[in-house]
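Close look at the chain arrangement
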Amino acid sequence: NGEEIESSYGYDMPLQFTVGHGEMILSIEEALMQMNLGSKVRLIVPSDLGFGEIEIDPQLLPADSPLVIDLELVSIE
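Below is a short write-up of the structure. (Residues numbered from 1 in each chain as written. Predicted model: local features only at pLDDT ≥ 70, side-chain atom pairs only at ≥ 80, totals over all residues. Heavy atoms only, no water.)

For the rest of this paragraph, the subject is the pairing of strand 2 (residues 67-72). Side chains of strand 2 alternate between two faces, with Leu67, Ile69 and Leu71 buried and Val68, Asp70 and Glu72 left unburied. In this sheet, strand 2 lies alongside strand 1 (residues 40-45) in antiparallel orientation, the contact comprising 6 bridges. Residue Leu43 lies in a different strand from strand 2, and its bridge partner there is Ile69. (Buried < 20%, exposed > 50% of the residue type's maximum accessible area, 1.4 Å probe, protein only. Helix = DSSP H or I, 4+ residues; strand = E, 2+ residues; numbered from the N terminus. Pairing = 2+ DSSP bridges.)

A surface patch of nonpolar side chains, about 270 Å² in accessible area, is lined by Phe51, Ile54 and Ile56. Tracing the backbone shows Ile56 in the loop between strand 1 and strand 2. Under the relative-accessibility criterion, Ile56 is labelled partly exposed at 46%. (Patch = residues over 30% accessible without salt bridge, like charges linked within 9 Å, V, L, I, M, F, W, Y side chains within 5 Å. Areas by Shrake-Rupley, 256 points an atom, 1.4 Å probe, with all protein chains shown as cover. Salt bridge = Lys/Arg side-chain N within 4 Å of Asp/Glu carboxyl O.)

Turning to the side chain of Ser65, a few remarks are in order. With respect to the helices and strands, Ser65 occurs in the loop between strand 1 and strand 2. A distance of 2.6 Å separates a polar atom in the side chain of Ser65 from the backbone oxygen of Pro62. When neighbours within four sequence positions are excluded, Ser65 is seen to be in contact with Ser47 and Gly52. (Polar contact = N/O pair within 3.5 Å; in protein donor to acceptor, adjacent residues only side chain to side chain. Contact = heavy atoms within 4.5 Å.)

This brings us to the pattern of salt bridges. Applying the stated criterion to the full structure yields 1 salt bridge. A salt bridge links Asp70 to Arg42, with the shortest nitrogen-to-oxygen separation between them at 2.6 Å. Of this pair, Asp70 sits in strand 2 while Arg42 sits in strand 1, and the two are 28 residues apart along the sequence. Given a relative accessible area of 56%, Arg42 falls into the exposed group.

What follows concerns helix 1 (residues 26-34). The set of residues buried in helix 1 consists of Ser27, Ile28, Glu29, Ala31 and Leu32. For helix 1, the elements touching its buried residues are strand 1 and strand 2.

See below:
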């Protein structure tokens with residue numbers, strides 16, 4: 001419905017994870033592999049490449065919902 005579900009901007013540090021370990025949906029990992037340090041992208045992810053039939057929250061993210069994801073690559077370790 002266009003409402004923000006989650007954001008790491010409210011935390012003291014960026015979200016950290018290891019690419020290739022399945023900690024994020026594949027669309028995010030694939031996008032990050034194409035990004036340069038400091039770049040920002042907006043992903044429009046169809047439901048079958050996001051959470052698909054999994055219902056995260058019936059009000060915020062029902063099953064078969066597309067996702068709009070804003071990414072910023074701030075560091076690489």
